[in-house]
Amino acid sequence: MVNTSKPNVLIFLCDQLRIDLLTCYQETLVRTPNITALADDSCLFERAYTPLALCSPARASLLTGLYPHGHHMFNNSTQYYSYCEHLRPDMTMLQDWVDDVGEYESAWYGKWHIGPAQDLFDSRFHHTHDEPYEGGPVFLDSSHWHPNTRIAPLVQSVGRGTAGTLDVGMEGFPDVVAARYTQAFLRSRDETKPFFATCSFPGPHFPWMVPEEWGIRYDPADIEMWANRYDTFEGKPINQRKIRVLNESNAGGLSAEEQEQELKELLACCFSYIELIDEMVGEVVSTLKELGLYEDTAIIFTADHGDMAGSHGLMNKGAYMYDEIYRIPMLLKRPGATGASRNSSFVHLMDVTATCLHLMTGREQDSLAGRSLHGQSLLSLAAGEAEWPRTMHYAQYHGDPWGHYSSRMVTDGRWKLVWNLTDLCELYDLENDPHELENRFYDPACDEVRAACFDYLLAEARRTGDAHVFLLKPEHEMVIRGIPLPGNS
């Protein structure tokens, strides 16, 4: 008998995962059979987005249900360059609500990065991974758990030591440890209560390192280069060109051909890392099935944001709003549901917050601790029972680590507009230019499209209380290209 009134809720949260590297989204070289198997029981959202393509703001949005301007974690919580190391103190997160209500048992294992690691240990989650202790994994005191040479020395070095294999066993590797903690919780939990748990993988965030016994499983020669690898940035924000020049200056004098070969070698490590995470997803799901919990458990698989991984000549993420980092994977397996479906509605991480509340209360919620949510439940949408009011996605960028660089983005899937406060703006025709190479913002032929996008951007800013766009006057954005304001000579 499936208990759909108080189902268990399990979130798989990846860090920096591109949707085009998952076989359930499109044909790709990367092998992800376990995620595909989960998709076979899930609704796959084809147009899922992050509110902000940085770890800390996106993760805080998932747990608060608010855009970053609402929870005030504007940039990455990282010592030395961060100006918001801790979340706004009066924020209520999902685990706080769970503890207040008392009907669910909550757990979080793996990467945190919504503040320092101590913030997780001091949180109201009922269970987290161990605090640092003598002889334990060295990454337990870290907020982000990324595999690096702090864990173990490199065996096989790739990209001049920026990727490769580590001299560490599988059971000592961070992503495996996150899965093992989750599995142990599933076996030892309070069986009188349903659970709300997150298995938070630190990967496939750079650096792309895997255990030596797992190995690098892809041949760089088989990897095709991104179609937008050599973006000229003509007519684009100067900030992007500066970051590209910075990346090239870090290439150690390698020629363009050598840089491309090195990138393929790095991607071979990245693909191997993703395959390892897929293996861990499969093992956690197998534990659910072994314990008879799979049918009663709602499973959400997603990521905080994507990864440039060399697209546009850029790495990681930063002061740009390309689809490679703003589109994210999102699967929702409803309790008791089987069979695959796909949905092209615009959804985002704050919808996950609302969905979790809906699952745990049995009814849709529009607020958390008195604050209006910026998302809504996906359950009826996934079941094919509801119209979806959102026709575009609205996203933000506040700067980090590239300084205070404020941007906003809206997209309807065909067109994407990016408003950059201190730089050139952008407009891309995603149907005819899916790789976002030609900036059409200052093209007179796009006047109507640009105006419609600005209308939505300003309306969504007002709806969500994003007052940071108070300097935006769409009619002024053309002046920089010598186009006079209406009525001015």
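Right, let's walk through the structure included here.

Basis of the calculations
Residues numbered from 1 in each chain as written. Predicted model: local features only at pLDDT ≥ 70, side-chain atom pairs only at ≥ 80, totals over all residues. Heavy atoms only, no water. Helix = DSSP H or I, 4+ residues; strand = E, 2+ residues; numbered from the N terminus. Rg over C-alpha atoms; globule rule 2.2 N^0.38 Å. Buried < 20%, exposed > 50% of the residue type's maximum accessible area, 1.4 Å probe, protein only. Contact = heavy atoms within 4.5 Å. Lys, Arg positive; Asp, Glu negative; His and termini not counted. Charge placed at Lys NZ, Arg CZ, Asp CG, Glu CD. Pairing = 2+ DSSP bridges. Axes fitted to C-alpha atoms, helices over the stretch in contact; angles between N-to-C directions. Salt bridge = Lys/Arg side-chain N within 4 Å of Asp/Glu carboxyl O. Phe/Tyr/Trp six-rings, centres within 6.5 Å; stacked < 30°, edge-to-face > 60°. Core = buried A, V, L, I, M, F, W, Y, C linked by side-chain atoms within 4.5 Å. Parallel < 35°, antiparallel > 145°, perpendicular 65-115°, else oblique. Left-handed = near helix turned anticlockwise from the far one by under 90°. Nonpolar A, V, L, I, M, F, W, Y, C, P; charged D, E, K, R; others polar.

1. A few points about the overall build of the chain
Piece 1. Across its full length, the chain carries 12 helices and 17 strands.
Piece 2. Its C-alpha atoms give the chain a radius of gyration of 22 Å, within 12% of the compact-globule value 23 Å for 489 residues.
Piece 3. Once the C-alpha set of the chain is aligned to its principal axes, its extents read approximately 75 × 50 × 40 Å.
Piece 4. The proportion of buried residues among the 489 residues of the chain is 61%.
Piece 5. Taking the contacts inside the chain whose residues are at least 6 apart along the sequence as the reference set, 70% of them involve residues at least 24 apart.
Piece 6. Looking at the chain, you have 39 positive and 70 negative side-chain charges, and the mean spots of the two groups are 4 Å apart.

2. Some details on the pairing of strand β10 (residues 330–333)
Piece 1. In β10, alternate side chains face the same way, and those of Met330 and Leu332 on one face and Leu331 and Lys333 on the other are all buried.
Piece 2. Both strand β2 (residues 43–49) and β10 contribute to a ladder of two bridges, which runs antiparallel. Paired with Leu44 across the strands is Leu331, a residue of β10.
Piece 3. Across four bridges, the pairing between strand β9 (residues 297–303) and β10 is antiparallel. Residue Phe301 lies in a different strand from β10, and its bridge partner there is Leu331.

3. Remarks on the sheet that holds strand β14 (residues 393–397)
Piece 1. Spatial ordering of the open sheet is given by β14-β15-β16-β17, a layout of four strands whose pairing is antiparallel. Of all the strands in the sheet, just β14 and β17 (426–429) have a single pairing partner and so form its edges. Between one strand and the next, the sheet's axes are offset by a mean angle of 15°, whatever the strand orientation.
Piece 2. Its contacts with the sheet put helix α12 (residues 447–464) on β14, β15 (407–411), β16 (415–420) and β17, and the angle it makes with β16 is roughly 65°.

4. Structural notes on the pattern of salt bridges
Piece 1. Scanning all chains against the criterion turns up 28 salt bridges.
Piece 2. Residue Arg88 pairs with Asp90 through a salt bridge whose shortest N-O separation is 2.8 Å.
Piece 3. A relative accessible area of 26% places Arg88 in the partly exposed class.
Piece 4. The class for Asp90 is partly exposed, based on a relative accessible area of 38%.

5. Focus: helix α2 (residues 55–64)
Piece 1. Counting buried residues in α2 gives 10 out of 10 residues, a clear majority hidden from the surface.
Piece 2. Within α2, burial applies to Cys55, Ser56, Pro57, Ala58, Arg59, Ala60, Ser61, Leu62, Leu63 and Thr64.
Piece 3. Downstream of α2 by a residue or two, Gly65 has a phi angle that is positive, lying close to 80°.

6. What to know about the packing of aromatic side chains
Piece 1. If you walk through the whole model with that rule in mind, you get 17 aromatic pairs.
Piece 2. With a centroid separation of 6.2 Å and 5° between ring planes, the pair formed by Phe12 and Phe201 is classed as stacked. Here the residue Phe12 occupies a position in strand β1 (residues 8–14), and Phe201 occupies one in the loop between β7 (195–200) and β8 (209–211), the gap between them amounting to 189 residues. Across the pair, Phe201 and Phe12 agree in class, each one buried.

7. Re the sheet that holds strand β3 (residues 105–110)
Piece 1. Read from one edge to the other, the open sheet built from eight strands follows the order β4-β3-β7-β1-β9-β10-β2-β11, with strand pairing classed as mixed. This sheet does not close on itself; its edge strands, each paired only once, are β4 (127–128) and β11 (341–348).
Piece 2. Most of the contacts of helix α10 (residues 349–361) go to β11, to which it runs at about 110°, and overall it touches β1, β2, β7, β9, β10 and β11.

8. Topic: the nonpolar core
Here is a general trend for soluble globular proteins: nonpolar side chains tend to be buried in one another's company.
Piece 1. Ranked by size, the top nonpolar core spans 70 residues in total, and within it Phe12, Phe201, Trp208 and Phe301 carry the most contacts.
Piece 2. Setting aside anything within four residues of it in sequence, one finds Phe12 in contact with Leu38, Cys199, Phe201, Val281, Val284, Val285, Ile299, Ile300, Phe301 and Thr302.
Piece 3. In this structure, Leu13, Leu94, Tyr104 and Met360 belong to the second largest nonpolar core, which totals 46 residues.

9. A look at the pairing of strand β6 (residues 163–166)
Piece 1. Examined bridge by bridge, strand β5 (residues 154–158) and β6 share four bridges and lie antiparallel to one another. Counterpart to Gln156 in the pairing with β6 is Thr165.
Piece 2. Connecting β5 to the antiparallel partner β6 that follows it, the hairpin turn spans four residues, and Gly159 within it adopts a positive phi of roughly 60°.
Piece 3. Two elements, β6 and β8, share three bridges in a ladder whose sense is parallel. Considered in β8, the bridge of Leu166 is made with Pro211.

10. Side note on the packing of α2 against α10
Piece 1. Two elements in contact, α2 and α10, have axes whose closest approach is 7 Å; the angle formed by their N-to-C orientations is 25°. Accordingly, the angle class assigned to the pair α2 and α10 is roughly parallel. Between α2 and α10 lies a crossing of right-handed hand. Contacts between α2 and α10 involve Ala58, Ser61, Leu62, Leu63 and Thr64 from the first element and Leu349, Met350, Val352 and Thr353 from the second.
Piece 2. Classifying every residue of the contact of α2 with α10 by side-chain character gives six nonpolar, three polar and no charged.

11. With respect to helix α4 (residues 94–101)
Piece 1. For α4, the full list of buried residues reads Leu94, Gln95, Asp96, Trp97 and Val98.
Piece 2. In this structure, the buried residues of α4 make contact with α2, β3, β7, α10 and β12 (367–368).
Piece 3. Looking one or two residues beyond α4, the residue adopting positive phi is Gly102, at roughly 85°.

Any functional reading would require information beyond the geometric quantities listed.
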